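So you can see what is in the structure, the chains are spelled out below.
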2 protein chains.
Amino acid sequence: MPTATNSRYLLAADIGGTWTRAACYPWPWKGEAPPRPLARVRRPTDPEDPTSGLVAALREVWPREGRVHGVGVAAPGPLDPYRGVVLFAPNLPAWREEPLQARLEAALGVPVRIGNDANLAALGEARYGAGRGREHVLYLTLGTGVGGGVVCHGRLLEGRQGLAGELGHITVDPQGPPCACGGRGHLEALASGTALVRAAQEALPTHPDTLLHRVRPLTAEAIARAARQGDALARDLLARAGRWVGVALADLCHIFNPEVVVLGGGVSRGGPWLWDALREALDACLMRPEYRPQVRPAALGDDAGLLGAYALWG
Amino acid sequence: MPTATNSRYLLAADIGGTWTRAACYPWPWKGEAPPRPLARVRRPTDPEDPTSGLVAALREVWPREGRVHGVGVAAPGPLDPYRGVVLFAPNLPAWREEPLQARLEAALGVPVRIGNDANLAALGEARYGAGRGREHVLYLTLGTGVGGGVVCHGRLLEGRQGLAGELGHITVDPQGPPCACGGRGHLEALASGTALVRAAQEALPTHPDTLLHRVRPLTAEAIARAARQGDALARDLLARAGRWVGVALADLCHIFNPEVVVLGGGVSRGGPWLWDALREALDACLMRPEYRPQVRPAALGDDAGLLGAYALWG
């Protein structure tokens, strides 16, 4: 809880289906290194009333003195950052057309900006993380689902209603498996943690020797661990996911011509089996070598969304 | 050839494999309606020395009095708009790392800006054509190849080296036909004029009754004409191309969340067979109805590139 009287602060929060995080940062902030939080908390998200839980977390890090310039919030679900409304959030069913910005401004008395969590993680990584100093950064997070965001000419791509950057929902294989969104063969259906685990489960009966038979629960992390222990099926599954990511990234490079591609999320920790296959497929699918980006692991970990919410303020 | 002494002008040019166009426009220009050219010419492109032919065309429309503020040029091929260099142009083999901007500035004595022709057609349609007044516009031209461009937050998407917007080279069907670029199943390999004609040729032996047996040369335009005359194969071919465009547009809507999608090029004149299939596939593939854009035919015809080159200046 910072206390300097003349200081100014910016508060940031990141609310997900499991955790609500909030932090107090100095404001303004110069330079490319991320600002250091003066206070931070992590609280379980209240599924009944996520907005009140978010207000409480922000109040916990509120400075005792000085002035709060504003609040930035990373939130899940398709949301309209211009109107400040979360349309809905699969992990937070209590939110339906939630006027999050207006409710937070009423509760806190300072201006609030909100953004999609994956988009803001992209902005955070572009500004302060693996893409810092670059104008054209593409971010992909391979987690339970696949999310993403794009920074072009230094600016977060938002689109007409702020729904842009759904990079997990591009069709990579029209004959591929169904996607949670109702589509088919989307990148998310081929390279998310969920997809990886499903592919493993389907492969178990025909692979009697794999270590994965003994793993409970079967997760993306467990598959990566088995790969490190030499398991052939685990390595093959990670390579397959990596190839699909490479194919999708080639499309995205032709579309965006980014300088840096940042990969985050649990599946991105799939080791060389994933990364080598990804780079090989990407190189094979690019039209011209000029398109080849630097592909880097995310650098900010769980702070990407918070720092992106901070970066919403300039 | 305009003559008012105190007037200012902006010259624009559009050079392709066949034609070199140039026009003189008033400058500056307010309002959303396109500026009216005070002079314009169209000359065959000189394949031996396209740059000199371009200089000559610009000199033909040069005003006798008044001041030329600058020149904007739409040129083919992957090009670097920041350095002003055409890397190469498949239709103009004489150009290899052509320093077009520097050569034009040396010849004409005024500042020059250059841009990729499909990107500038996108900018032209967004500023003055079917997307005018909108901030988020996606443009796709279905011609001999498939090109495109994207305007986000009112600004042309260019990418690190200016190579962004290659919307024809996204993979729509990994098992699809080879693409001219060396890839496979790209949108260009499925929905360009070239792809349409190839699909028609492959279908001829199994369709003894189609009107297309009697058509020479077999072109996208001829296929559209046969469709209007009731030919079932022609209608089916156009619908197939339209479906692939719809599938690709759904991806692009998830990525960009555009307000308007503008379709140009010969294949886009494929009538309701193409457009209905396109809209149906697009609707079926969108994750949520909020993503649905307005899909409109291009409005500027052959002037899109010239007006985009004009719009490069603000």
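Residues numbered from 1 in each chain as written. Chains lettered and ligands numbered in written order. Predicted model: local features only at pLDDT ≥ 70, side-chain atom pairs only at ≥ 80, totals over all residues. Heavy atoms only, no water.

Enquirer: For the overall build of chain A, give the residues involved together with the corresponding values.
Expert: Broken down by element type, chain A carries nine helices and 13 strands. A globule of 314 residues ought to have a C-alpha radius of gyration of about 20 Å, and chain A, at 20 Å, matches this closely. Along the three orthogonal principal directions, the C-alpha set of chain A runs to about 65 × 45 × 35 Å. Evaluated residue by residue, chain A yields a buried proportion of 59% over its 314 residues. Taking as baseline every contact in chain A between residues at least 6 positions apart, the subset at least 24 positions apart corresponds to 63%. (Helix = DSSP H or I, 4+ residues; strand = E, 2+ residues; numbered from the N terminus. Rg over C-alpha atoms; globule rule 2.2 N^0.38 Å. Buried < 20%, exposed > 50% of the residue type's maximum accessible area, 1.4 Å probe, protein only. Contact = heavy atoms within 4.5 Å.)

Enquirer: Just give me the short version of the side chain of Glu98(B), but keep the residues and values in it.
Expert: Residues and elements named next belong to chain B. Here Glu 98 shows up in strand 7 (residues 96-98). When its relative accessible area of 8% is taken as the criterion, Glu 98 is described as buried. A polar contact is formed between the side chain of Glu 98 and the side chain of Thr 51, at a distance of 2.6 Å. Within the structure, Glu 98 has its side chain in polar contact with the side chain of Arg 103 (distance 2.8 Å). The contacts of Glu 98, once residues within four sequence positions are left out, are Thr 51, Gly 84, Val 85, Val 86 and Arg 103. (Polar contact = N/O pair within 3.5 Å; in protein donor to acceptor, adjacent residues only side chain to side chain.)

Enquirer: Now, about the relation of the copies chain B and chain A: what can you tell me, with residues and values included?
Expert: After a rotation of 180° and a shift along the axis of 0.0 Å, chain B superposes on chain A with an RMSD of 0.0 Å. On the angle and the small slide along the axis, the relation comes out as a two-fold axis. When C-alpha positions in chain B are compared against the rotation axis, the closest is assigned to Asp173(B), at 3.1 Å. (Least-squares fit on C-alpha atoms with pLDDT ≥ 70 in both.)

Enquirer: Before we move on, can you summarise the sheet that holds strand 12 (residues 260-264) of chain B with the specific residues and values?
Expert: Residue and element names in this part refer to chain B. Overall, mixed pairing links the five strands, which are arranged 11-10-9-12-13 in an open sheet. Edge strands, defined here as strands with exactly one partner in the open sheet, are strand 11 (155-156) and strand 13 (294-297). In this sheet, strand 13 lies alongside strand 12 in parallel orientation, the contact comprising four bridges. Residue pairing in the sheet places Leu 263 in a bridge with Pro 297 of strand 13. Helix-sheet contacts for helix 7 (residues 232-256) involve strand 9 (137-142), strand 10 (146-152) and strand 12, and the interaxial angle to strand 9 is about 155°. Sheet strands touched by helix 8 (residues 271-285): strand 12 and strand 13. Its angle to strand 13, the strand with the most contacts, is close to 160°. (Pairing = 2+ DSSP bridges. Axes fitted to C-alpha atoms, helices over the stretch in contact; angles between N-to-C directions.)

Enquirer: Lay out the state of the cysteines in plain terms, naming residues and giving numbers.
Expert: In this structure the tally under the stated criterion is zero disulfides over all chains. Cys179(B) carries a free sulfur, and the closest cysteine sulfur to it, the one in Cys181(B), is 3.8 Å from it. (Disulfide = S-S within 2.5 Å.)

Enquirer: Lay out the pairing of strand 2 (residues 19-26) of chain B in plain terms, naming residues and giving numbers.
Expert: Residue and element names in this part refer to chain B. In terms of residue burial, strand 2 counts as a mostly covered element, since seven of its eight residues are buried. As paired strands, strand 1 (residues 8-15) and strand 2 are joined by seven bridges and run antiparallel to one another. Of the residues in strand 2, the one forming a bridge with Ala 13 is Ala 22. Relative to strand 3 (residues 39-44), strand 2 is paired through six bridges, and the arrangement is antiparallel. Each residue of the ladder has a partner; that of Thr 20, found in strand 3, is Arg 43.

Enquirer: Pulling in residues and values, what's your account of the packing of aromatic side chains?
Expert: Residues and elements named next belong to chain B. A full pass over the atoms with the stated rule returns seven aromatic pairs over all chains. Here the guanidinium or amino end of Arg 42 rests over the ring plane of Trp 19, the centre of that ring lying 3.6 Å away. Taking the ring centre of Trp 313 as reference, the NZ or CZ of Arg 113 above it sits at 3.8 Å. (Phe/Tyr/Trp six-rings, centres within 6.5 Å; stacked < 30°, edge-to-face > 60°. Lys NZ or Arg CZ within 6 Å of the ring centre and 35° of its normal.)

Enquirer: Break down the domain arrangement of chain A for me, citing the residues and quoting the values.
Expert: A common way to state how big an interface is: give the accessible area lost once the parts meet. Residue and element names in this part refer to chain A. On domain assignment, one finds that chain A holds domain 1 (8-123 + 303-311) and domain 2 (133-298). On the side of domain 2, 17 residues touch domain 1, which itself brings 13 residues to the contact. Carbon and sulfur atoms make up 59% of the area that domain 1 and domain 2 hide from each other, which totals about 1,100 Å². Among the residues domain 1 hides against domain 2, the three largest losses belong to Tyr 82, Asn 119 and Ala 122. Together they make up 46% of the total. At the junction of domain 1 and domain 2, the tally comes to zero salt bridges. Inspection of the domain 1/domain 2 interface yields two residue pairs in polar contact (both at pLDDT 80 or more). Elements that contribute at least two residues to the side of domain 1 that touches domain 2 include exactly strand 5 (79-80) and helix 3 (117-128). (Domains from an automatic or database assignment. Buried area = accessible area lost by both parts, 1.4 Å probe. Salt bridge = Lys/Arg side-chain N within 4 Å of Asp/Glu carboxyl O.)

Enquirer: Describe helix 7 (residues 232-256) of chain A, with residues and values.
Expert: Residue and element names in this part refer to chain A. Over its 25 residues, helix 7 extends 35 Å from the first C-alpha to the last, a length consistent with the 36 Å expected when each residue adds 1.5 Å. Of all the 25 residues making up helix 7, 19 are buried; the element is thus mostly covered by neighbouring parts of the structure. After helix 7 finishes, the residue Asn 257 shows a positive phi value of roughly 45°. (Expected span 1.5 Å × (residues − 1).)

Enquirer: I'd like to hear about the interface of chain B and chain A, residue by residue, with values.
Expert: The interface is formed by 43 residues belonging to chain B together with 42 residues belonging to chain A. Between chain B and chain A, a total of about 3,600 Å² is buried, with carbon and sulfur atoms accounting for 57% of that surface. If you sort the residues of chain B by the area they bury against chain A, His153(B), Arg160(B) and Ile255(B) come out on top, with a joint share of 19%. Between chain B and chain A we count zero salt bridges in total. At the junction of chain B with chain A, the criterion picks out 30 residue pairs in polar contact (both at pLDDT 80 or more). Within the residue set of the side of chain B that touches chain A, elements represented by two or more residues are strand 6 (85-88), strand 11 and helix 7 of chain B. It is helix 7 of chain B that provides the largest number of residues to the side of chain B that touches chain A, a total of six residues. Split into classes, the residues belonging to the side of chain B that touches chain A amount to 21 nonpolar, 12 polar and 10 charged. (Nonpolar A, V, L, I, M, F, W, Y, C, P; charged D, E, K, R; others polar.)

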